[in-house]
Amino acid sequence: MQEETERNNRVYFKTSFEGRARRQDKLRFKEKNSRSEPFCLLSRVRLGGCHINKSLNTICYCPSCKTEKKIPLNVKTLEDLLDACCIHTPSCLTDFLEPFSIFLPVIVGDEVAIERVAYEFCEDAAKEGVLYSEVRYCPHLLSSTFSPVKTCSGPLTPREVVMSVNRGLSRGSVDFKITVRSILCWSSDILQLCLEFQRYGVVGIDVAGDESTGLAAPEIVATFRNAVEYGVHRTAHAGEAGPAKNVQIAMTDMMAQRIGHGYHVVDDPDIYAECLRRRIHFEACPYSSILTGSVPLTDIKHPIVRFAEDNANFSISRDDPTLIQKTLDQEYDFFFSLQIRSERHLSLCLTSKLQCRTLFFPAAR
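These numbers come from a predicted model, not from an experiment. (Residues numbered from 1 in each chain as written. Predicted model: local features only at pLDDT ≥ 70, side-chain atom pairs only at ≥ 80, totals over all residues. Heavy atoms only, no water.)

A. Quick peek at the pairing of strand β5 (residues 179–185). For β5, the buried fraction is high: five of the seven residues fall into the buried class. Bridging between strand β4 (residues 130–137) and β5 involves six bridges; their strand directions are parallel. Within β5, the residue paired with Arg136 across the bridge is Ile183. Direction of pairing for β5 relative to strand β6 (residues 202–206): parallel, over a ladder of four bridges. (Buried < 20%, exposed > 50% of the residue type's maximum accessible area, 1.4 Å probe, protein only. Helix = DSSP H or I, 4+ residues; strand = E, 2+ residues; numbered from the N terminus. Pairing = 2+ DSSP bridges.)

B. Region of interest: the environment of Arg258. Position of Arg258 among the secondary structure elements: in strand β8 (residues 258–261). Owing to a relative accessible area of 0%, Arg258 belongs among the buried residues under this scheme. Within the structure, Arg258 has its side chain in polar contact with the side chain of Glu134 (distance 2.7 Å). (Polar contact = N/O pair within 3.5 Å; in protein donor to acceptor, adjacent residues only side chain to side chain.)

C. Here's a closer look at the packing of aromatic side chains. Applying the stated criterion across every chain yields a total of seven aromatic pairs. Aromatic pair Tyr119 and Phe176: ring centres 5.2 Å apart, planes at 55 degrees, arrangement tilted. You can see Tyr119 sitting in helix α7 (residues 111–127) and its partner Phe176 sitting in the loop between α9 (158–175) and β5, a full 57 residues away along the chain. With a centroid separation of 6.2 Å and an interplanar angle of 35 degrees, the aromatic rings of Tyr272 and Phe307 are classed as tilted. (Phe/Tyr/Trp six-rings, centres within 6.5 Å; stacked < 30°, edge-to-face > 60°.)

D. Spatial organisation of the nonpolar core. Ranked by size, the top nonpolar core spans 86 residues in total, and within it Leu169, Met254, Val265, Phe307 and Phe335 carry the most contacts. Counting residues per element, this core draws most heavily on α7, at seven residues. (Core = buried A, V, L, I, M, F, W, Y, C linked by side-chain atoms within 4.5 Å.)

E. Representation of helix α6 (residues 100–107) within the structure. Among the eight residues of α6, six are classified as buried, and the element is accordingly described as predominantly covered. Considered for burial, the residues of α6 that qualify are Phe100, Phe103, Leu104, Pro105, Val106 and Ile107.

F. Representation of the state of the cysteines in the model. Under the criterion given, the structure shown has zero disulfides. With no disulfide partner, Cys185 has as its closest neighbouring cysteine sulfur the one in Cys138, 6.2 Å distant. (Disulfide = S-S within 2.5 Å.)

G. The arrangement of unusual backbone geometry in detail. For Asn311, which is not glycine, the phi dihedral falls at a positive 55 degrees. We classify Asn311 as partly exposed; its relative accessible area is 36%. Look at Gln325: it is not a glycine, yet its phi comes out positive at around 55 degrees. Judged by its relative accessible area of 32%, Gln325 is partly exposed.

H. Summary view of the pattern of salt bridges. Following the criterion strictly, the structure yields 15 salt bridges and no others. Put simply, Arg167 and Glu115 hold a salt bridge, and the shortest N to O gap is 3.1 Å. Note that Arg167 is positioned in helix α9 and Glu115 in helix α7, a separation of 52 residues in sequence. Judged by its relative accessible area of 16%, Glu115 falls in the buried class. Of the charged contacts in the structure, one is a salt bridge between Glu309 and Lys301, with a shortest N-O distance of 2.9 Å. Its relative accessible area of 14% is what places Glu309 among the buried residues. When its relative accessible area of 38% is taken as the criterion, Lys301 is described as partly exposed. (Salt bridge = Lys/Arg side-chain N within 4 Å of Asp/Glu carboxyl O.)

I. Inspection of the confidence of the model for the protein at higher detail. Looking at the protein, the pLDDT average stands at 78 and 71% of residues meet or exceed 70. Looking at the elements of the protein, mean pLDDT is at its lowest for strand β1 (residues 29–32), recorded as 30, and at its highest for helix α14 (residues 269–278), recorded as 97. Counting interchain partners and residues more than four positions distant, the pLDDT-below-50 stretch residues 4–43 has 62 contacts. (pLDDT = per-residue confidence, 0-100. Contact = heavy atoms within 4.5 Å.)

Shown next as structure tokens:
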């Protein structure tokens, strides 16, 4: 019975949402230099959503998993592994993050694997026509000295994790002609790491996870306020699984410049109006908004559509590639199918002007 329900949900999700992305093809090409070229490939900027530890290619399915690390993946092929990590039907944020337990043990504490994942992140972004991207991760989660994930790798500190990521992003940026900077997710000494590596591509601080238990903890608020004093950029996951009030807390108490997801902000007209007035940027990811259960399938108007119609400051990003396994084009296609009212709104979402105004540029040296 449960298998039949899951199968029906999967079919409903596919027919209800993926099946509607048909009418936008004519809008994906714009005149540029007197010839037609894919507009999105000429000016694409990606700010939100993507976490580096979710950007895995073949790193999880490698000989070292069974030999050196002795990690039982319980799959025969890479395709089987990707399917095991993929979220197929809408659920909740906790269930959405469950596949972490499958692939995190492969890279935690392994500086070579971490550098490779960072390098391949650049490769994947370049293939999707991205010219500039900001990727986020928690150094402590990938560190063998702090991570709750058990690993047989040698000791690797959060500082060494940042250095490994920086090496991968630096090589990838050169090889694939792309600019990628990083945002560090909150932990106890994360501000010190941000300051130390500001000159090496670390441009901001973030907080992600369960909003109900960790968004406004006093030590997190204090860290964000100190970040303001040091000129460190700030973004916060809020209003995704939590209420609009969390967006207000991130905006006022934590002084966040950008909000990760933030879909529930539209539930409170006053808080939403204040975000519009302040031009707070929303990092929106269409597919994950459904798959995490943040936006129910029955919603008449998706919050991202409200963002477009109200001329909000927002961008479309590809979230969690290993968990969702959709391209950035498919994220745009899915969004374009969500009852957009006019070509003006579609064109507004294709342009990178809003994203470029909200880039986390490195602090002046």
